[in-house]
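Coordinates in review
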Amino acid sequence: MGATPPARGSTPTPRPNLRQYCHIENLEEFVHLTLSAPDEVRRSSRDAKVLLFYRTRREGRWVVAVARRLNGDGFLITAYQTDAIKEGETLWRK
């Protein structure tokens, strides 16, 4: 998928404030890395417009960044740690 796409024009997409998510606030840079260089990208089985970006944090643990495009802009919906990759169509694998 590549790096987080810029917003309309040449202004880069602002970085989301992950500090509001206490379970992942110390992983802000890892979430950005997950979006820009994922191990796997899947399409959500519940919403075809939602993509799940996975990156291995350690054996059996991943950080997931859930993102969507709306009106040409990409944005982060949420990010979390998980011990299982969700169902959904695999779009890309490292």
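Computed from a predicted structure; not experimentally measured. (Residues numbered from 1 in each chain as written. Predicted model: local features only at pLDDT ≥ 70, side-chain atom pairs only at ≥ 80, totals over all residues. Heavy atoms only, no water.)

Among the nonpolar cores identified, the biggest contains eleven residues, and these are Leu27, Val31, Leu35, Val41, Leu51, Phe53, Val63, Ala65, Ala67, Leu76 and Ala79. Mapped onto this core, the elements with two or more residues apiece are helix 1 (28–36), strand 2 (50–58), strand 3 (61–70) and strand 4 (73–82). No other element matches the three residues that strand 3 contributes to this core. Among the nonpolar cores identified, the runner-up in size contains six residues, and Val50, Tyr54, Trp62 and Val64 belong to it. (Core = buried A, V, L, I, M, F, W, Y, C linked by side-chain atoms within 4.5 Å. Buried < 20%, exposed > 50% of the residue type's maximum accessible area, 1.4 Å probe, protein only. Helix = DSSP H or I, 4+ residues; strand = E, 2+ residues; numbered from the N terminus.)

To continue, consider the confidence of the model for the protein chain. In this model, the protein chain carries an average pLDDT of 81, and 73% of its residues clear a pLDDT of 70 or more. For the protein chain, strand 4 is the element with the lowest average pLDDT, namely 91, and strand 1 (residues 40–44) is the one with the highest, namely 97. Across residues 1–12, where pLDDT falls below 50, the model places 19 contacts with residues more than four positions away in sequence or in other chains. (pLDDT = per-residue confidence, 0-100. Contact = heavy atoms within 4.5 Å.)

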